Amino acid sequence: MKNNIRFTSILTAFILLSLMILATHDAFSRRGGGGGGRGGGGHSMHRGGGGGGHSMNRGGGGGFGNGGRGSVKYSGQGSRNRGGSNVQRPKSNVAQTRPAQRPSTGNRPNNPGNKPGYGNNRPGNNKPGQGNRPGNGNRPGHGGNNSGNFNNNNIKVNNNYYGGRYNNRYYGGYWNSWGGYYSGWAFASGIIIGAAIASIPQDSTTVYVQGDTFYYSDGVYYAEKDSEYVVIPPPEGAVVTELPSSCTSVSGVSGDYRDCGGAFYQRQSDGYKVVSPPVGAMVNNLPDGAQKTDVGGQTYFLFAGGYYQPFYSGNSVVYKIVSPPA
Amino acid sequence: MVGIRYIFIIAFYILSSAFALHAQAQEPTDTETQNTSQVIVDPEAAEILEEMSDALEAAKEFTFDTEITNDRTLDSGQAIQISGTMKTAVKRPNHVYAKYVGDFNTREVWYSGDKLTLYIPDKDFYGVLKTPDTLDATMDFLMEEYNFSLPLADVISADPYTSVMETTTSGFVVGDSMVRGKECTHLAFRAQYVDWQIWISNDDPALPCKLVIEYKELEGVPQYQAIFSNWNLNPKLSKSAFKPDLPKDAVKIDFINFKKDKGDDK
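A brief structural summary.

The rules we used
Residues numbered from 1 in each chain as written. Chains lettered and ligands numbered in written order. Predicted model: local features only at pLDDT ≥ 70, side-chain atom pairs only at ≥ 80, totals over all residues. Heavy atoms only, no water. Salt bridge = Lys/Arg side-chain N within 4 Å of Asp/Glu carboxyl O. Helix = DSSP H or I, 4+ residues; strand = E, 2+ residues; numbered from the N terminus. Buried < 20%, exposed > 50% of the residue type's maximum accessible area, 1.4 Å probe, protein only. Contact = heavy atoms within 4.5 Å. Phe/Tyr/Trp six-rings, centres within 6.5 Å; stacked < 30°, edge-to-face > 60°. Lys NZ or Arg CZ within 6 Å of the ring centre and 35° of its normal. Pairing = 2+ DSSP bridges.

Before going further, it helps to examine the pattern of salt bridges. Counted according to the given criterion, the structure contains nine salt bridges over all chains. When the shortest N-O distance is used, the salt bridge between K73 of chain A and E166 of chain B registers 4.0 Å. Of this pair, K73 of chain A sits in the loop between α1 (2-29) and α2 (94-97) while E166 of chain B sits in the loop between α5 (160-165) and β8 (168-179), each in a different chain. Residues participating in the shared-partner salt-bridge network are K73 of chain A together with D140 and E166 of chain B.

Listed below in structure tokens is the structure:
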């Protein structure tokens, strides 16, 4: 008895499966006949997972079709097939399948199949409580400026801490060209260069550069000064083993460089070394605090000794680090 | 034991019949659909698409609005939908103006025969390129050299049908569909890098109601959607509509020429 039931259900399952296979193919080979085409099980909107790819930081996107976005014809080009060779416009094969003479335009008859009406008679449009959501009128805007809104509370800023020493010996003009922030630093807490704090993070590591001792934690460097610690720009030559996750890789130059909000690191066997901004590197965003400057009729943005020249890459703006203009 | 073997035999039989029937159904009963082994576009879908193409080709000038949504995939794999609106004006054979205002950026582009100007108001940057003197040649040129396509390039092309069919491999009519209260016919196509769908008005002229493009080769399979409205096929556009309107202090920047693979281009 038990076997019989199992047998029957398995058999039924197979029959149903077979019928479904037939039905699915029919529905799609007969272009929506009987209303089967629309949304019928076959076409799932499956979205593969995948990481990497496009970060929100990428300058452009969203707007015009960069790299063919928003266009069928150019979709395969752009970053994939840049400089594409298929500029030729062969007359499509499909042309052959088209009827030579189409009936004159006008009101096309509805497609066969008498699909049930959309919109008009659908039940369930009377969900309660719509339309009267309170209080959405006055939310403050979140427009665009997502970067740079750091929380600066609790940090004492005092640039007087820097006697001539830091300025001259380590940073020279470099110091002054740093903006106020580590813009690539974690969003959770803002750290301003020049800020003085009583204690450094517990996970700080010690970094030695030319005989001087600094402390490093999550992208930020500290120097000890009068029983306090002050935040300093990344000292060139310092080697650290870990970078903040917000650092991005850099294109346009050979070698493994990372951009941590305008502080550049080059990967080497024992970690990441602080380097000056590599000429030729392209970045999608300017470091916060970069200063616009015009030299010889050309606009640059200056930050930490690096000259950033803006370019259009497709419809997006990228910044290329160039040699200091004469 | 006997029972199980029996089940398998029956199952095998049923499945074979199913496939045999299916194969039979695929036999060339309709010669029109069997012309080519690779490109299979339902003639009705092709016809409706060409009807739309003809309507756009016939218009010497036109304007339309679009509401655009576009997926951006975060590094985590999560898709975020970005949206914006765009106004487009086209005067054949070689004038285009478009302004996109979106969540994260705004773009304005003017194309008038020999040059194209792209302006980004929030950064106050603009760039100018010398261009070929027809719209389609310009669009090919922009993509080939600068990795840049004009908005809704397929729709504003001189021959939208040919433009989209260059890469399309299959297509069919899904059925009728309401888009913003208008009766439209829903078509679905596949191409090498994208699957795309278009909704075309059932009224005359057969203008686009909606376009959806799914980038199946990109991480996260992002989707682009444009919903069309306010079509005007006789807007009487003046030349000044295509003349760049830039603030005095806008900063001119160069385009990277990817074909030459160098960082500047004059």
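Text resumes after the structure shown.
Here the focus is the environment of N315 of chain A. Here N315 of chain A shows up in the loop between β15 (306-313) and β16 (316-322). It is 6.8 Å that separates the C-alpha atoms of N315 of chain A and F64 of chain A, two residues lying 251 residues apart in sequence.

This part covers the side chain of H95 of chain B. All names here are of chain B. Here H95 lies in strand β4 (residues 95-102). Taking the relative accessible area as the measure of exposure, H95 reaches 11% and is therefore buried. Not counting chain neighbours up to four residues away, the residues in contact with H95 comprise A89, V90, Y111, S112, K239 and F242.

What follows covers the packing of aromatic side chains. For the structure shown, the criterion picks out 16 aromatic pairs over all chains. Each ring, one from F141 of chain B and one from Y146 of chain B, has its centre 5.7 Å from the other, and the planes form 70 degrees; the classification is edge-to-face. Here the aromatic cluster, defined as three or more aromatic residues joined through ring pairs, consists of Y312 of chain A together with F141, Y146 and F255 of chain B. Taking the ring centre of F104 of chain B as reference, the NZ or CZ of R72 of chain B above it sits at 5.9 Å. The lysine or arginine in question, K210 of chain B, covers the ring of W199 of chain B, its NZ or CZ lying 4.2 Å from the ring centre.

A separate point is the pairing of β16 of chain A. Residues and elements named next belong to chain A. A large share of β16 lies buried, amounting to six of its seven residues. Summarising the sheet, strand β12 (residues 282-283) and β16 pair through two bridges and their orientation is antiparallel. Within β16, the position partnered with M282 by the bridge is K320. Here seven bridges tie β15 to β16, and the two strands are oriented antiparallel to one another. Bridge assignment links Y312 to a residue of β16, and that residue is V317.

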